[in-house]
Amino acid sequence: MKTKLYTLVTFLLIAGSAVAGETFYDDYGRSKGRRETDSNGTTHYYDDYGRRVGRSETDDDGTTRYYDDYGRYKGKAERSSDGTVRYYDDYGRSVGRTETDSDGTARHYDDYGRYKGRTETDSDGTSRYYDDYGRYKGKREAN
């Protein structure tokens, strides 16, 4: 059960914000996937082989709902006015949250409030991910 929740949190953390197109890389610089947002505002996620693996849709209130490639609901992210994003699985259980500092650094926590890592975004839009020990784990680049 924890593996499923961890996988969902990882998916949700990677799927944080939407732009026209982004590519994800692991800590060795290998492409691990891509996401693209169409003109309707739906974001499509692809694996490193180009296969579609899911999609997300964001409401006007800032709630993003995530679906797998078969259209099954997988969870949601709700943004609050203070910038905190709370993540929920497909059963509505809390699986984590992200808090963003004034300098743009996002800190990620699991459903028990334990620190799980951070995301730092450069002025060019490149985001770098670090685990809870500060080890570099990958990056996201806008295309």
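As the structure is a prediction and not an experimental result, all values here were calculated from the model.

### Observations concerning the side chain of His108
- By the secondary structure assignment, His108 is in strand β9 (residues 106-110).
- Given the relative accessible area of 9%, His108 is considered buried.
- Side-chain polar atoms of His108 contact the side chain of Thr98, separated by 3.0 Å.

### Side note on the environment of Lys137
- Relative to the assigned elements, Lys137 resides in strand β12 (residues 136-142).
- Sequence-wise, Lys137 and Asp26 are 111 residues apart; in three dimensions their C-alpha atoms are separated by 6.1 Å.
- Not counting residues within four places of it along the chain, the set of residues in contact with Lys137 comprises Tyr25, Asp26, Asp27, Tyr129, Tyr130 and Asp131.

### Some words on the packing of aromatic side chains
- Per the counting criterion, the structure on display carries three aromatic pairs.
- With a centroid separation of 5.8 Å and an interplanar angle of 65°, the aromatic rings of Tyr130 and Tyr136 are classed as edge-to-face.
- Since its relative accessible area comes to 30%, Tyr136 is described here as partly exposed.
- The ring of Tyr67 carries the charged tip of Arg55 above its face, separated from the ring centre by 4.3 Å.
- Taking the ring centre of Tyr109 as reference, the NZ or CZ of Arg97 above it sits at 4.4 Å.

### Here's the deal with the pattern of salt bridges
- A full pass over the atoms with the stated rule returns 18 salt bridges.
- Asp47 is the partner of Arg51 in a salt bridge, and the nearest nitrogen-oxygen pair spans 2.7 Å.
- Of the residues examined, Arg51 reaches a relative accessible area of 49% and is grouped as partly exposed.
- Each of Glu22, Arg35 and Arg140 takes part in a single network of salt bridges with overlapping partners.

### Topic: the sheet that holds strand β1 (residues 21-26)
- The sheet built from twelve strands closes into a barrel, its strands ordered β1-β2-β3-β4-β5-β6-β7-β8-β9-β10-β11-β12 with antiparallel pairing. Direction aside, neighbouring strands of the sheet carry axes that sit 20° apart on average.

### Here we look at the confidence of the model for the protein
- With 87% of its residues at a pLDDT of 70 or more, the protein shows a mean pLDDT of 86.
- The low-confidence segment residues 1-19 (pLDDT under 50) makes 41 contacts with residues lying over four places distant or belonging to another chain.

The rules behind these values
Residues numbered from 1 in each chain as written. Predicted model: local features only at pLDDT ≥ 70, side-chain atom pairs only at ≥ 80, totals over all residues. Heavy atoms only, no water. Helix = DSSP H or I, 4+ residues; strand = E, 2+ residues; numbered from the N terminus. Buried < 20%, exposed > 50% of the residue type's maximum accessible area, 1.4 Å probe, protein only. Polar contact = N/O pair within 3.5 Å; in protein donor to acceptor, adjacent residues only side chain to side chain. Contact = heavy atoms within 4.5 Å. Phe/Tyr/Trp six-rings, centres within 6.5 Å; stacked < 30°, edge-to-face > 60°. Lys NZ or Arg CZ within 6 Å of the ring centre and 35° of its normal. Salt bridge = Lys/Arg side-chain N within 4 Å of Asp/Glu carboxyl O. Pairing = 2+ DSSP bridges. Axes fitted to C-alpha atoms, helices over the stretch in contact; angles between N-to-C directions. pLDDT = per-residue confidence, 0-100.

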